[in-house]
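# A look at the structure
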Amino acid sequence: MANFVWAIGAGKGGVGKTFVSTNLAISLTKLNFKVLIIDGDLSCANLHTALGLQAQQENLSAFFRSKKNLREIVTITEIPNLQFVQGVWDQWSTFEMKKGDGIRLIEEARKLNYDYVLIDLGPGANNFNLEIFFAVDEKILVSTPEPTSVEKTYRFVEAFIFETLKSKNIAPVQANSTENLEDVLNEFRYCSEKSFISLNHFLREKNLISPYFFDELNQNNFKIIMNEVRSQQDLNLGYSIKSVCYKFFGLELEFLGSVDFDNAVWQSVRNREPFLIEKPHTILSNQFISLTKILTTPELHAQILRAVV
């Protein structure tokens, strides 16, 4: 059975999420773990290209339509200890999901014989992506230093919090009313602009959450990876996102680390060869190995956090 399931998401497309997912998966295999990577994009899946594969005819749509079980659509790659599930690529519109499909995918993935299962999600905070994020062991968000990417990262976190409120039927949103949730969110945004109040404090003042609501969220917190870093200023944005999320939302995020910008990345994509396979001895490759060691070694992660503090 799979011991750990990770979800890798992003607030918007074009931030290198699939590049990060692929190279985290390969890094895990280099640490002698058996890995399954699932392309969770429901409309424009292209993780197969990052792995140097052709698009597979059997994909997640067959699983969600109950035509195949998950094991039957697994593809063996040329990379030792790495196997792959094709995302939905052969439709002209986004595949329609039902509530509970994300949970079913994770439950089936956990039954398979892998040390780690990574799910590379499509961009944005849609219902399927949030459902996946609720149920996994590690929630990883990829951002770049670009202002639009940073802003969409905040919006993803915000959506996760309010979807959690919705799922818990917290008053006055007893009927899961989207309109009521939007009213609460808009009122908070207006108040925070005037008084810099955190979402945690705002919801508690209105008696909408228990004192432990955010404590529960923080037990399995988000990890942030900053991609395409070119300078110390870019690197510092990772720490800024962590700080702003705590001050604005009351949510504790962890800045996991960064991946440098490297012009050789687009060359590896063009060559249809994973970066860590084509260029295994670069600074970028070492950064992925380091990020993976932090994720797989909690005691190492704790040591790094103490050093930062």
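The model shown is predicted, which means the values in this text are computed figures rather than measured ones. (Residues numbered from 1 in each chain as written. Predicted model: local features only at pLDDT ≥ 70, side-chain atom pairs only at ≥ 80, totals over all residues. Heavy atoms only, no water.)

### What to know about the overall build of the protein chain
- In terms of regular secondary structure, the protein chain is built from 14 helices and eight strands.
- Considering the protein chain as a whole, with its 309 residues, one finds that 50% of them fall into the buried category.
- For the protein chain, contacts bridging at least 24 residues in sequence account for 76% of all contacts bridging at least 6.
- Surface exposure of the protein chain reaches about 14900 Å², of which carbon and sulfur atoms provide 49%.
- Across the protein chain, 31 positive and 36 negative side-chain charges occur, with their mean positions spaced 1 Å apart. (Helix = DSSP H or I, 4+ residues; strand = E, 2+ residues; numbered from the N terminus. Buried < 20%, exposed > 50% of the residue type's maximum accessible area, 1.4 Å probe, protein only. Contact = heavy atoms within 4.5 Å. Areas by Shrake-Rupley, 256 points an atom, 1.4 Å probe, with all protein chains shown as cover. Lys, Arg positive; Asp, Glu negative; His and termini not counted. Charge placed at Lys NZ, Arg CZ, Asp CG, Glu CD.)

### A short note on the packing of helix α1 (residues 17–30) against helix α13 (residues 283–296)
- Packing of α1 against α13 leaves a shortest axis separation of 9 Å and a crossing angle of 70°. Between α1 and α13, the crossing angle belongs to the class labelled roughly perpendicular. Residues Phe19, Val20, Asn23, Leu24, Ser27, Leu28 and Lys30 of α1 lie in contact with α13, whose contacting residues are Leu284, Phe288, Ile289, Leu291, Thr292 and Thr296.
- Within the contact of α1 with α13, the residues separate by chemical class into eight nonpolar, four polar and one charged. (Axes fitted to C-alpha atoms, helices over the stretch in contact; angles between N-to-C directions. Parallel < 35°, antiparallel > 145°, perpendicular 65-115°, else oblique. Nonpolar A, V, L, I, M, F, W, Y, C, P; charged D, E, K, R; others polar.)

### Some words on α1
- Here α1 spans 20 Å end to end across 14 residues, near enough to the 20 Å set by a 1.5 Å rise per residue.
- In terms of burial, α1 is largely enclosed, as 13 of its 14 residues are buried.
- Downstream of α1 by a residue or two, Asn32 has a phi angle that is positive, lying close to 75°. (Expected span 1.5 Å × (residues − 1).)

### A few points about the packing of helix α5 (residues 127–135) against helix α6 (residues 147–167)
- At their nearest, the axes of α5 and α6 sit 10 Å apart, and the two run at 75° to each other. Relative to α6, the element α5 is oriented roughly perpendicular. The residues of α6 that touch α5, namely those facing Asn127, Leu130, Phe133 and Phe134, are Phe156, Ala159, Phe160, Glu163 and Thr164.

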